[in-house]
Protein chains: 2
Amino acid sequence: MKDIEAIVQRFRDSGLKITPQRLSIFNLLKDNYDHPSAEDIYNKALEIHPTISFTTVYKTLQTLRDLGEILEINIDPERAHYDSVTDDHYHTFCTRCREIEDLMSGLYPVQELPDNNVVGGFDVQSVQVHLVGVCGSCN
Amino acid sequence: MKDIEAIVQRFRDSGLKITPQRLSIFNLLKDNYDHPSAEDIYNKALEIHPTISFTTVYKTLQTLRDLGEILEINIDPERAHYDSVTDDHYHTFCTRCREIEDLMSGLYPVQELPDNNVVGGFDVQSVQVHLVGVCGSCN
DNA sequence: GTTACTGCAAACAGTTTGCATTACC
DNA sequence: GGTAATGCAAACTGTTTGCAGTAAC
């Protein structure tokens, strides 16, 4: 995810409006290295905008995802999580505490894709590597 | 997933009963190299048992998953899919047709885990590698 | 002033459960 | 006969939508 000014510019360029609610969400995501669910973000946003609705948070997350500014992570079957770091990296998912964490690169190196991003006829848009198990804190 | 007799034995050994409905589900899974959702399996089962309920299919899938005989794949945010092949292998997920397919081993080789299955303090129970994109047929 | 956003309330879809009846062993 | 499975109906949870009022530009 770009820095706030760049995001604001990108929204304006796309004919999207900048509201205080949206700005708060941008800031929450920017400072966040967890992998929050929509509801996590909503709860934090409530502290700043006590009247903000879940719908607004949800729709803003969708917009950011569609613009490619954040990633939606689908590893927790119970809910989607979001990641403001869009560079290639992988995740661990703890089935006890449901926390998603970044996997230090180097700890689990994965094959490079070919230059055209095609593997066996399949056009790869993203590679998701999830190590599912139990994290250090839950052990 | 083991062959049918072994599954039947495993169920009996665990105090679980063998019903015609369950046997049909075992057979559907055994012959299946797709990655069906619970509803897919339910629809096929209906052709054999016109009165079978979704609940029965659902609960049997849970039991099989808990026994480790099938895997639940969480890559499609809209629904869980199941895989009767429990050996290590990876998947492609087409965002257009929502088909999950096996990734030929060799096309995208992945790092081996250390012997103790621990990566950076995280105790790995399974590794899920998903190539998300557009499949050959949808291109 | 025009266009898009907010927030409410309700719809939606997949998943999960409680419970009476039925079937397995 | 005792125990577990089936199947119905309803609850549940996260996600998504329609729409009237409001705010950005």
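Located above this text is the structure these notes cover.
This text gives an overview of the structure that appears in the document. Fair warning: this is a prediction, and the values are worked out from it, not measured in the lab.

Parameters and conventions
Residues numbered from 1 in each chain as written. Chains lettered and ligands numbered in written order. Predicted model: local features only at pLDDT ≥ 70, side-chain atom pairs only at ≥ 80, totals over all residues. Heavy atoms only, no water. Patch = residues over 30% accessible without salt bridge, like charges linked within 9 Å, V, L, I, M, F, W, Y side chains within 5 Å. Areas by Shrake-Rupley, 256 points an atom, 1.4 Å probe, with all protein chains shown as cover. Salt bridge = Lys/Arg side-chain N within 4 Å of Asp/Glu carboxyl O. Lys, Arg positive; Asp, Glu negative; His and termini not counted. Charge placed at Lys NZ, Arg CZ, Asp CG, Glu CD. Helix = DSSP H or I, 4+ residues; strand = E, 2+ residues; numbered from the N terminus. Buried < 20%, exposed > 50% of the residue type's maximum accessible area, 1.4 Å probe, protein only. Contact = heavy atoms within 4.5 Å. Near = heavy atom within 4 Å. Polar contact = N/O pair within 3.5 Å; in protein donor to acceptor, adjacent residues only side chain to side chain. Nonpolar A, V, L, I, M, F, W, Y, C, P; charged D, E, K, R; others polar. Pairing = 2+ DSSP bridges.

Moving on, we come to a negative patch on the surface. All names here are of chain A. A contiguous patch of negative charge on the surface is contributed by Asp-34, Glu-39, Asp-40, Glu-99, Glu-101 and Asp-102. Mapped onto the negative patch, the elements with two or more residues apiece are helix H3 (38–48) and strand E4 (100–103). Within the secondary structure, Glu-39 is located in helix H3. Residue Glu-39 is classed as partly exposed on the basis of its relative accessible area, which comes to 49%.

Where helix H2 (residues 20–30) of chain B is concerned, the buried positions are B:Arg22, B:Ser24, B:Ile25, B:Phe26, B:Leu28 and B:Leu29. Contacts made by the buried residues of H2(B) are with helix H1 (4–13), helix H3 (38–48) and helix H4 (54–66) of chain B.

Before going further, it helps to examine the protein's contact with DNA strand D. Lining the immediate environment of DNA strand D, one finds 24 residues, of which A:Tyr58, A:Arg79, B:Lys17, B:Thr19 and B:Arg22 sit closest. When the atoms of DNA strand D within 4 Å of the protein are sorted by group, sugar and phosphate make up 75%. Here A:Lys17 contributes a side-chain N or O atom positioned 3.2 Å from a base nitrogen of DNA strand D. Taking A:Ile18, its main chain carries an N or O atom lying 2.9 Å from a phosphate oxygen of DNA strand D. Top element by residues in the surface near DNA strand D is helix H4 (residues 54–66) of chain A. It accounts for 5 residues. Its residues assigned to classes, the surface near DNA strand D comprises 7 nonpolar, 9 polar and 8 charged.

Of all 13 residues in strand E6 (residues 122–134) of chain A, 10 are buried, a share of seventy percent or more. In this sheet, E6(A) lies alongside strand E5 (residues 118–119) of chain A in antiparallel orientation, the contact comprising 2 bridges. What sits directly across from A:Val118, in E6(A), is A:Asp123. Following E5(A), the chain reverses through 2 residues before pairing antiparallel with E6(A); A:Gly120 in that reversal takes a positive phi of roughly 55°. Where E6(A) meets strand E6 (residues 122–134) of chain B, 11 bridges bridge the pair, whose relative direction is antiparallel. Note that in E6(B) the partner of A:Ser126 across the bridge is B:Val132.

None of the figures reported here should be taken as evidence of function without further support.
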